[in-house]
Structures are given as C-alpha cells and as structure tokens.
Amino acid sequence: MAESRALAPYRWLVAELHGLTANFAQIYFIPSAGIGLLLFAVLMLADRPAALAGLAASVGASLVSLVLRLPRDARRSGLFGYNAALTGIAFGALWQPDLTSAVWLSVCVCLTVIASAELVRHRLPALTGPFVAVMALSWAMQPWLGLLPRTGALACDTGTPGFVFCSVGQVVFVAPLVLGLLTWYVLALWNARATVWALAAGVVVWLGIALLAQHWTALAGQAGGIGVNGFLAALGLGVFHRRPGVRLAGAALAGLFCVVLGALLGPLGWPYFTLPFNLAVWTLLAVTRAGSPSPRHPRPHDAEASLRP
C-alpha cells in the first residue's frame, strides 16, 4: 500500500505526459500518445523549430487544462490541446522565434484551450476552428506584433501523385514528400480504413486538379490548400462515421471553399489555413446523420473507443 502511494505521483505524471503527446495525434483525430510521439518525431525530422514550438504549445495547453480542471479523460486524449499544438507548429513554421512571438503564442494557446473546452461543453465538434481563429487574429494583429517571417516552406508538386502524400504532411507544415508518406503511414497504423478512404479522396482531388487546372486558373492557384483541406475533410468525416460518398463529397466541398476563400482573402494577403475543411465538415455533419457518437463530442471517456476501426 505504501509503495502504491509512493508511485502515485509518477503515475499521474506519466498519464499527463500521455496527453501532452496525444495533442499531436489529435490533429489527425487520433487520441493516442504513441501515435502523437511518432508524429512529433516526423516533425523533428522535417522542421525542428516548428516541432519545438509545437511541443512548447502542447505543454502550455496541458498546463492550462490542468489549471481550468478540465475533464481528465478528454485532457489526456488530447481533445483540449491539439489546436494549441497545431498553432505552435504554425508559429514555428511561419515566423522567426522571438520574445513577442513567444508571448503571443502563449496567449493563443490559452484562447484555443478555452475555445475547445467551450465547444465540447456545448456538444459541438471543435475540429481546427480554434486554430483558424487564433491564426486569423494573429494575421490581423501583424501591424502591432511585427512577427518576422521565416523562409517560405516548400509547396507540394501537383504534377505527380506524390501530391497526395505531400498534402497529408502539409496539415502540420511538413513539406518533403517522403515525410508526408511517413506521416500517412503513421496515421494508417491507428485506423487504416479511415486513412485509406481519405487517401482515396485525396487521389480523386488530385485528378480533378490535374484535369481542370488548365481551364480553371483559380483552382490551380489553390491546389495546395485543396490538397490539405480535402484530405482532412475526408478523414474527419470518416472518423465521424460518414459513408464513403459523403467523405468524397466533403473533400470536393472543401476544395470549392478553398477556391472561394482564395478569391476573397488572396488579394488581402490572408491565408485561410484549414478553414475550408472546417466549413465542409460542419456543413455535412449538419445535413447527414450517423448512428455512432463522434469522437470530438463530449463524453470524453468514449473518445478513444469511437475512433477505433
């Protein structure tokens, strides 16, 4: 009994560390600390500053979740911290680290955790909505923040089928094709069926871009965003137990939103990040029904089970 009490703090710490790494996996709808650790390793190979910024944001999100006394199971599965981790990755990939960016990232981390908790409390799927919101706020605050951009990341080449795997990695700002392929493999380790269907939707999106880009210049200009948002929409709808046809429709709808938002925000120099994915999934979740509970709705203790194939 005494030994069990002595080990209790270590067990608590290990459980909280699970949540810290699960934050990375939940970006792709996976409540697994092991998968999150693998994704973090891929990030370290691709872009160390972005990976470390994401890790710092994940730590911050875990601490904020503890202070707010958010539900333990949801916290340890990464539900409250994945938007913060994605925000940290974006900060590290887009801007040079300095005191201003560190302070502002801390503010954004707090905002994403609070927003995610409120959405879960109201039984609404957060997706990457909090991430998109704080990135839009950061863009609006640029004249006052003065964040210095890093060298632009490599874009995905639409001329080969490798575009599909590159798009998988670009969700977390990983550009090299081989690392995008590795990212997809890591995702497939958890839920092969949903990941394969999302990849199939990505292939259809790539074929659509290849066939229509010459005649539709707006489509060609948004190819990178379409690849990322189309894959995420198909993956998300699969995890929410929608049928393959709905997943493909989600990828196509996300692509359409990319073209529209690109036309509206492009002249202003504002990126839309994963907003099209959110709009497409929210729309199709509203007009379709599924029998199983969704993984990012409340009842956090069911989150992991609902994601298993």
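Quick caveat, the model's predicted, so the values are computed rather than measured. (Residues numbered from 1 in each chain as written. Predicted model: local features only at pLDDT ≥ 70, side-chain atom pairs only at ≥ 80, totals over all residues. Heavy atoms only, no water.)

## Focus: the overall build of the protein
Counting its regular elements, the protein contains 16 helices and 0 strands. Classification of the 309 residues of the protein by burial places 50% in the buried group. Put simply, 74% of the contacts in the protein that link residues at least 6 apart link residues at least 24 apart. In the structure as shown, the protein presents an accessible area of about 14,200 Å², 68% of it carried by carbon and sulfur atoms. (Helix = DSSP H or I, 4+ residues; strand = E, 2+ residues; numbered from the N terminus. Buried < 20%, exposed > 50% of the residue type's maximum accessible area, 1.4 Å probe, protein only. Contact = heavy atoms within 4.5 Å. Areas by Shrake-Rupley, 256 points an atom, 1.4 Å probe, with all protein chains shown as cover.)

## Some remarks on the packing of helix H9 (residues 162-170) against helix H13 (residues 223-239)
The packing of two helices is summarised by the inter-axis angle and the distance between the axes. Interaxial distance between H9 and H13 falls to 8 Å at its minimum, and their mutual angle equals 75°. Considering the angle they form, H9 stands roughly perpendicular to H13. Of the residues in H13, those touching H9 at Phe163, Ser167, Val168 and Gln170 are Ala223, Gly224, Gly227, Val228 and Phe231. Within the contact of H9 with H13, the residues separate by chemical class into 5 nonpolar, 4 polar and no charged. (Axes fitted to C-alpha atoms, helices over the stretch in contact; angles between N-to-C directions. Parallel < 35°, antiparallel > 145°, perpendicular 65-115°, else oblique. Nonpolar A, V, L, I, M, F, W, Y, C, P; charged D, E, K, R; others polar.)

## Concerning helix H10 (residues 177-190)
In this model H10 runs 21 Å from its N-terminal to its C-terminal C-alpha over 14 residues, within 8% of the 20 Å that 1.5 Å per residue would give. Turning to H10, its buried residues number three or more, namely Leu179, Gly180, Thr183, Trp184, Val186, Leu187, Ala188 and Trp190. (Expected span 1.5 Å × (residues − 1).)

## So, unusual backbone geometry
Phi at Arg123 takes a positive value of approximately 60°, unusual for a residue other than glycine. Looking at where Arg123 falls in the secondary structure, it is placed in the loop between helix H6 (99-121) and helix H7 (129-140). The class for Arg123 is partly exposed, based on a relative accessible area of 48%. The phi dihedral of His241 falls on the positive side, at around 65°, and the residue is not glycine.

## Points about the confidence of the model for the protein
Averaged over all residues, the pLDDT of the protein is 86; the fraction at 70 or higher stands at 87%. Per-residue pLDDT stays below 50 along residues 291-309; that stretch engages in 50 contacts with residues further than four places along the chain or on separate chains. (pLDDT = per-residue confidence, 0-100.)

## Here we look at the packing of aromatic side chains
Considering all chains together, one arrives at 8 aromatic pairs under this definition. Between the aromatic rings of Trp95 and Trp139, the centroid separation amounts to 5.3 Å while the plane-to-plane angle is 45°, which identifies the pairing as tilted. Taken together, the positions of Trp95 in the loop between helix H5 (82-94) and H6 and Trp139 in helix H7 put the pair 44 residues apart, joining distant regions of the chain. Judged by relative accessible area, which is 4%, Trp95 ranks as buried. Of the aromatic side chains, those joined through ring pairs into one cluster are Phe91, Trp95, Phe131, Trp139 and Phe273. (Phe/Tyr/Trp six-rings, centres within 6.5 Å; stacked < 30°, edge-to-face > 60°.)

## Let's talk about the pattern of salt bridges
On inspection of all chains with the given rule, the structure shows 3 salt bridges. Between Asp73 and Arg72 there is a salt bridge, with its nearest N and O atoms 3.6 Å apart. Salt-bridge contacts for Arg121 lead to Glu118; the nearest nitrogen and oxygen are separated by 2.9 Å. Placement of the pair is Arg121 and Glu118 together in helix H6, with a separation of 3 residues, close to one helical turn. When its relative accessible area of 36% is taken as the criterion, Glu118 is described as partly exposed. (Salt bridge = Lys/Arg side-chain N within 4 Å of Asp/Glu carboxyl O.)

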